[in-house]
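Survey of secondary and tertiary structure
Listed below, chain by chain, are the residues.
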Amino acid sequence: MTDAQETLLNLLEIEQLEVDLFRGTGQGGETSTRIFGGQVVAQALAAAYGTVPDRLCHSLHAYFIRPGDPEIPVIYQVDRARDGGSFTTRRVVAIQHGKQILNMSASFHVDEPGRHHQHPMPQVSGPENWPDRNVLRAEELDRVPEHRRADFMRPRPIELHDVEPRDMFEPEIVSDENHSWFRMSAAKGSSPQMQHCMLAYASDMNLLGSSLRPHGLTWMNGKVMTASLDHAMWFHAPVHFENWHLYTMDSPWTGGARGFNRGSIYDQNGTLVASTAQEGLIREITPRKS
């Protein structure tokens, strides 16, 4: 287990302060400047699970309201909206500096049988055929401004291989559809609840970038400011995130400084384990007039 993976596992082991009140650390995610959105969603889901002992989450819907401050803890307040015979509903509010930074609704369902179908997994070359993102970043380090290099090379817990990776600084215009392989080997042996939290964390990676691809943009080329506005996720099948999963994403619409993105997450056997949707801010940066 790497130090970054151990840090993530510790991030998701949130502390219970009181009935329906939890505390999570803000440090240790994907960036040092603000809390990674997937981290807040994952901790909020962990807080909700702290009040739901007997069933698994099937969907969550979250809004990012303010940037998170990584220098202080995050307080999670859980509202027990409903405990039904088949479904349980929770509302979670994440608070820093006395203000909401995220609110999330999550629904939990008892395990019951039903008819089944799914779309097939896209035919994409396996993860062994694509370089690790950390390797690619190391090769591009001299193109990164010195003040951003520490975050650029920050150790990360999720192993990620982009399929047909683009140039991060001079990206070509390509289709909105894109694919990544990802996993976290330290997930092995984790509970189903923790597997959900780890996948929720990782599901915020790459998704917003789908809406930038048809416009020849990335968050690294200094032409656009991006931020996740909301995040939705549906869990369909058991998750074993220690194994490779294919994250296939697209963006059917962009406009009004926002981009809409969708994702499907498959295990290597082709089972659709989760789906995602997210709208993000993609505000172009206008050079200052001298």
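Not measured: the values here are computed from a predicted model.

Describing the state of the cysteines
For the coordinates displayed, the defined rule picks out 0 disulfides. Free of any disulfide, C57 has its nearest cysteine sulfur in C197, 8.8 Å distant. Residue classification places C197 among the buried residues on the basis of a relative accessible area of 3%.

Remarks on the nonpolar core
Ranked by size, the top nonpolar core spans 57 residues in total, and within it L45, L102, M104, L199 and F241 carry the most contacts. Top element by residues in this core is helix α2 (residues 37-49). It accounts for 9 residues. Setting aside residues no more than four positions away along its own chain, F241 makes contact with I158, F182, R183, M184, A187, Q195, M198, L199 and A202.

Details of the UniProt feature "domain: Acyl-CoA thioesterase-like N-terminal HotDog" (unreviewed entry) in the protein chain
Cross-referencing UniProt, the feature "domain: Acyl-CoA thioesterase-like N-terminal HotDog" (unreviewed entry) maps to residues 34-109 in the present numbering. The span residues 34-109 is 17% helical and 53% strand by assignment, and the distance between its end C-alpha atoms comes to 33 Å.

Notes on the UniProt feature "domain: Acyl-CoA thioesterase 2 C-terminal" (unreviewed entry) in the protein chain
Here the UniProt-annotated "domain: Acyl-CoA thioesterase 2 C-terminal" (unreviewed entry) positions come out as residues 158-281. For residues 158-281, the helix share is 9%, the strand share is 42%, and the end-to-end C-alpha distance is 24 Å.

A short note on the pattern of salt bridges
Evaluation of the coordinates by the stated rule reveals 12 salt bridges. We note a salt bridge from D151 to R154, for which the minimum N-O separation is 3.6 Å. Here the two residues D151 and R154 agree in accessibility, since each one is buried. With a closest N to O distance of 3.0 Å, R258 and E279 form a salt bridge. With R258 in strand β12 (residues 258-267) and E279 in strand β13 (residues 272-284), the pair connects residues that are 21 residues apart, well separated along the chain. Since its relative accessible area comes to 33%, R258 is described here as partly exposed. In this structure, a network of salt bridges that share partners links the residues E140, R143 and D167.

Rules of the game
- Residues numbered from 1 in each chain as written.
- Predicted model: local features only at pLDDT ≥ 70, side-chain atom pairs only at ≥ 80, totals over all residues.
- Heavy atoms only, no water.
- Disulfide = S-S within 2.5 Å.
- Buried < 20%, exposed > 50% of the residue type's maximum accessible area, 1.4 Å probe, protein only.
- Core = buried A, V, L, I, M, F, W, Y, C linked by side-chain atoms within 4.5 Å.
- Helix = DSSP H or I, 4+ residues; strand = E, 2+ residues; numbered from the N terminus.
- Contact = heavy atoms within 4.5 Å.
- UniProt positions renumbered as here; feature names shortened; annotations may be inferred.
- Salt bridge = Lys/Arg side-chain N within 4 Å of Asp/Glu carboxyl O.

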